[in-house]
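Inside the fold
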Amino acid sequence: MTVTGPQGFRAAGVAAGIKASGALDLTLVVNDGPLDVAAGVFTRNVIKAAPVLWSQEVLKQQRLKAVVLNSGGANAATGPGGFQDTHATAEKVAEVLRAGAIEVAVCSTGLIGERLPMDAVLSGVDTAFKALDASPEAGLNAAKGVMTTDTKPKQAFAKHDSGWSVGGFAKGAGMLAPNLATMLSVLTTDAVVDKATLDRALRAATHITFDRLDVDGGTSTNDTVLVLASGASGVEPTEAELTELLTAVSHDLVLQLRADSEGATKDVDVTVRGAATEADAIAVARTIAEDNLVKTALFGSDPNWGRIAMALGRVPARIDPDTVSIAINGVTLFAQGVPAADRSEADLTGRAVEIVVDLGVGTGTATIYTTDLSHGYVEENSAYSS
């Protein structure tokens, strides 16, 4: 189940001809209502792609009838012409749906710096409109239509006992260090919800899910997470219930993104506890997660806690070396300023790795989801432009 799981949504993924390979490359998600409430979070990268600039402006009213997404080109760093292309795409979707362009969000992903083949994009919108359906197959095609270096589509769905649900898809395999969002993700819900509540729930959910995924330290120019609410279930959940289900679906998607990230051979959770603040915990965990010496040690299945100590020690956070402890896969290897066990006691032969750092100076905690740094990652990113 995916974006078409909740009631009130149709989707399609088609081959518009944007990609030379002939793969699916254009996705359309439509909210049939009765509500058209929406919220979104976007990259904090200063170099924002044209579709991000457009969708940020559209989301100021927090209403969306549709989202159109393409792979095969990011439409980033393309100047006024690229923005005009985004506008034209939204206008085309609005035309076929008999809506307004201001009710259409646009997302793009792929190579930065090149204009999109607009004949293919616009004709692809017509094709996608004709293919719109509420079936699981349509939702799956929608998830496939946004893939770049992804090897598989990422979808998630959860239903509340009271009858409303949340579904969604995401894409991303590299350039993953989100700051308010991920590469591209569309979430849908048939809950009855107002604009302010939906916005708060999305931000709370992404803060501890998409925002905590950090594969390579690269915050994309195109990062976008959107949530559309149709209200078709007729059920109005509490804000806490909505946040919980949005968080569950987002977390599911994040773990799928990590598992399919470029060249990954380890799925790594970096948890920092006992920090002075949550911000300190995030900063320390993210620094460890992004450190190349730590990541290469993990690729070699080497529980080299010294590299972790080095990484955390360079963070401008409150850190007392005499209260820090470092554990890898359940074995405490460093505590109170000295080694606590032989590093060989920590088993890293499996794919799952858990690093737990306790700073011992407060109650702040955070987890960053990351991977190792492998030959496969270097080879793929040195040979393929996307």
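Residues numbered from 1 in each chain as written. Predicted model: local features only at pLDDT ≥ 70, side-chain atom pairs only at ≥ 80, totals over all residues. Heavy atoms only, no water.

Some remarks on the packing of helix 5 (residues 195–207) against helix 6 (residues 239–259)
Where helix 5 meets helix 6, the axes come as close as 8 Å, and the angle between the chain directions of the two elements is 40°. In terms of axis orientation, helix 5 runs oblique to helix 6. Considering the relative orientation of helix 5 and helix 6, their crossing is right-handed. Contact residues: helix 5 offers T197, L198, R200, A201, L202, A204 and A205, while helix 6 offers E239, L242, T243, L246, T247 and S250. (Axes fitted to C-alpha atoms, helices over the stretch in contact; angles between N-to-C directions. Helix = DSSP H or I, 4+ residues; strand = E, 2+ residues; numbered from the N terminus. Parallel < 35°, antiparallel > 145°, perpendicular 65-115°, else oblique. Left-handed = near helix turned anticlockwise from the far one by under 90°. Contact = heavy atoms within 4.5 Å.)

Quick word on the domain arrangement of the protein chain
Taken domain by domain, the protein chain consists of domain 1 (9–259) and domain 2 (267–381). On a C-alpha basis, the centres of domain 1 and domain 2 stand 32 Å from each other. Listed as interface residues are 17 residues of domain 1 and, on the opposing side, 18 residues of domain 2. Put simply, domain 1 and domain 2 have three salt bridges between them. A salt bridge links D214 to R286; the nearest nitrogen and oxygen atoms lie 2.9 Å apart. Put simply, domain 1 and domain 2 have 12 residue pairs in polar contact (both at pLDDT 80 or more) between them. With five residues, helix 6 is the single largest residue contributor to the side of domain 1 that touches domain 2. (Domains from an automatic or database assignment. Salt bridge = Lys/Arg side-chain N within 4 Å of Asp/Glu carboxyl O. Polar contact = N/O pair within 3.5 Å; in protein donor to acceptor, adjacent residues only side chain to side chain.)

Observations concerning the environment of F299
Along the polypeptide, F299 turns up in helix 8 (residues 292–299). Owing to a relative accessible area of 29%, F299 belongs among the partly exposed residues under this scheme. Sequence separation of F299 and A264 is 35 residues, and the distance between their C-alpha atoms is 8.5 Å. Dropping the residues within four chain positions of it, F299 is found in contact with T265, D372, L373, S374 and H375. (Buried < 20%, exposed > 50% of the residue type's maximum accessible area, 1.4 Å probe, protein only.)

A short note on the nonpolar core
Ranked by size, the top nonpolar core spans 50 residues in total, and within it L26, V67 and F169 carry the most contacts. Setting aside anything within four residues of it in sequence, one finds V67 in contact with T27, L28, V29, A105, C107, V186, L226 and L228. Counting 34 residues, the second-largest nonpolar core is a separate cluster that includes V270, V284, A311 and A366. (Core = buried A, V, L, I, M, F, W, Y, C linked by side-chain atoms within 4.5 Å.)

Details of the sheet that holds strand 9 (residues 224–229)
Taken in spatial order, the five strands make up an open sheet running 3-9-8-7-6, and their pairing is mixed. Only two strands of the sheet have a single partner each, and these edge strands are strand 3 (37–42) and strand 6 (154–159). Going across the sheet, the axis of each strand differs from the next one's by a mean of 10°, ignoring polarity. Here strand 8 (residues 184–189) pairs with strand 9 via six bridges, running parallel. Residue pairing for strand 9: L184 is matched across the bridge by T224. Against the sheet, helix 5 contacts strand 3, strand 8 and strand 9, and its axis sits at roughly 35° relative to strand 3. (Pairing = 2+ DSSP bridges.)

Re helix 9 (residues 305–313)
Every buried residue belonging to helix 9 is among W305, I308, A311 and L312, and all of these are buried. Mapping the buried residues of helix 9 onto a view down its axis gives an arc of 115°, with all of them on the same face. Looking at the buried side of helix 9, the elements it contacts are helix 7 (278–290), helix 8, strand 11 (325–328), strand 12 (331–335), strand 13 (338–339) and strand 14 (352–358). (Arc of directions from axis to C-beta.)

Overview of the pattern of salt bridges
Enumeration over the complete set of coordinates arrives at 17 salt bridges. Across the salt bridge formed by K65 and D36, the nearest N and O atoms sit 3.9 Å from each other. A residue pair is termed long-range when its members are at least 10 positions apart, and K65 in the loop between helix 1 (50–58) and strand 4 (66–71) and D36 in the loop between strand 2 (26–31) and strand 3 qualify at 29 residues. Look at K65 and you get partly exposed, because its relative accessible area is 30%. Here D291 makes a salt bridge to R314, at a shortest N to O gap of 2.7 Å. Taken together, the positions of D291 in the loop between helix 7 and helix 8 and R314 in the loop between helix 9 and strand 11 put the pair 23 residues apart, joining distant regions of the chain. Among the residues examined, R314 registers a relative accessible area of 48% and is labelled partly exposed. What emerges from the salt-bridge pattern is a single network uniting D36, R63, K65 and E103.

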